[in-house]
Amino acid sequence: MTSLRRAAAALLCVSTGALAVEVGDPAPAVAGAPGGQVLYVDFWASWCVPCRLSMPALDALYRKHGAAGFSVVGVNKDVSEDDARRFLQRVPVTFRWVPDRDDSLAKAFGVKAMPSGYLVDRKGIVRKVHRGFTAGTAAALETEIASLLGEGK
Amino acid sequence: MNCTVCWLAVLLLASACAPVAPYQRGYLARPDMAFEESPGTAKALEKVFVAKEAATGSATVGGSGCGCN
């Protein structure tokens, strides 16, 4: 699927770097992400309003399923890291987050919306993409994570 | 020389437009990128303008020009 899309993009003279990662694609490598675990890569920023909702929800999911082999890596898209830290003082989270100063991760994933979340299985394949975040997203994630954690057993 | 395409190309190249990716909107959220320096002052000036001009709902629809709403 990926190669087909890349070929189509090359024909249309579109930069392949701008292609969005979709379900079924291998997830681009994220520095500091643990291997062999169910992983949620979340792109967030202090200026992103739904992130106020997503960060505590993801933190709750991480606390609940962390021991079972689920981890979350937040990729911060703030212009200044101070903004990120100020946000985290008000909305504290326990999972890891990394800054993405040169946009390399955002470009690798082809982020189309903020927040964007990529649920990756133990083999490193993207199994679900969430663009935006509502209370319904948190509920959906809960079942998706549980089913992915069950797969590895 | 009639070269509309060339002029169009020059025009497009000379424009200072740049696409902003969704994840780059932090730049637009910076205080110095706001249209108004002070949102409060802007709101006050707008209210006075509406009252003076007796304009019904000039900026937003919100009543008549009596300055009392």
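To start, this report covers the structure provided alongside it. (Residues numbered from 1 in each chain as written. Chains lettered and ligands numbered in written order. Predicted model: local features only at pLDDT ≥ 70, side-chain atom pairs only at ≥ 80, totals over all residues. Heavy atoms only, no water.)

Listed per partner, the contact involves 10 residues of chain A and seven residues of chain B. Buried area between chain A and chain B, both sides added, is near 740 Å², and the carbon and sulfur share of it is 72%. At the junction of chain A with chain B, the criterion picks out zero salt bridges. Of the residues assigned to the side of chain A that touches chain B, the class counts are six nonpolar, no polar and four charged. (Contact = heavy atoms within 4.5 Å. Buried area = accessible area lost by both parts, 1.4 Å probe. Salt bridge = Lys/Arg side-chain N within 4 Å of Asp/Glu carboxyl O. Nonpolar A, V, L, I, M, F, W, Y, C, P; charged D, E, K, R; others polar.)

Attention now goes to helix H3 (residues 81–90) of chain A. All names here are of chain A. Among the residues of H3, those classed as buried are Ala84, Phe87 and Leu88. All buried residues of H3 lie within an arc of 95° about the axis, which places them on one face of the element. Exposed and facing more than 90 degrees away from the buried side of H3 are Gln89 and Arg90. Those residues of H3 that are buried lie in contact with strand S1 (38–44), helix H2 (51–65), strand S2 (70–76) and strand S3 (96–99). Structurally, the start of H3 carries an N-cap: the backbone nitrogen of Asp82 is 3.1 Å from a side-chain oxygen of Ser80. (Buried < 20%, exposed > 50% of the residue type's maximum accessible area, 1.4 Å probe, protein only. Helix = DSSP H or I, 4+ residues; strand = E, 2+ residues; numbered from the N terminus. Arc of directions from axis to C-beta. Polar contact = N/O pair within 3.5 Å; in protein donor to acceptor, adjacent residues only side chain to side chain.)

All names here are of chain A. In this structure the tally under the stated criterion is 13 salt bridges over all chains. Among the ionic pairs, Arg131 bridges to Glu22, the shortest N-O distance being 3.4 Å. Of this pair, Arg131 sits in strand S5 (residues 126–131) while Glu22 sits in the loop between helix H1 (2–11) and S1, and the two are 109 residues apart along the sequence. Under the relative-accessibility criterion, Glu22 is labelled partly exposed at 25%.

This part is about the side chain of His130 of chain A. Residue and element names in this part refer to chain A. By the element assignment, His130 lies in strand S5. Since its relative accessible area comes to 10%, His130 is described here as buried. A polar side-chain atom of His130 sits 2.9 Å from a polar atom in the side chain of Glu144.

This part covers the nonpolar core. Among soluble globular proteins, nonpolar side chains are generally buried collectively. All names here are of chain A. Core analysis: the largest hydrophobic core is formed by 43 residues, its most contacted members being Phe43, Met55, Phe70, Phe109 and Tyr118. Broken down by element, this core gets its largest block of residues, six residues, from S1. In this structure, Phe43 is in contact with Val75, Lys77, Leu105, Ala106, Phe109, Val111, Met114, Pro115, Ser116 and Tyr118, ignoring residues within four places of it in sequence. (Core = buried A, V, L, I, M, F, W, Y, C linked by side-chain atoms within 4.5 Å.)

All names here are of chain A. Following both chains from N to C, one finds H2 and H3 inclined at 65°, their axes separated by 11 Å at the closest point. The way H2 lies across H3 gives a crossing that is right-handed. Listed contacts from H3 to Cys51, Arg52 and Met55 of H2 are Phe87, Leu88 and Arg90. The class makeup of the residues in the contact of H2 with H3 is four nonpolar, no polar and two charged. (Axes fitted to C-alpha atoms, helices over the stretch in contact; angles between N-to-C directions. Left-handed = near helix turned anticlockwise from the far one by under 90°.)

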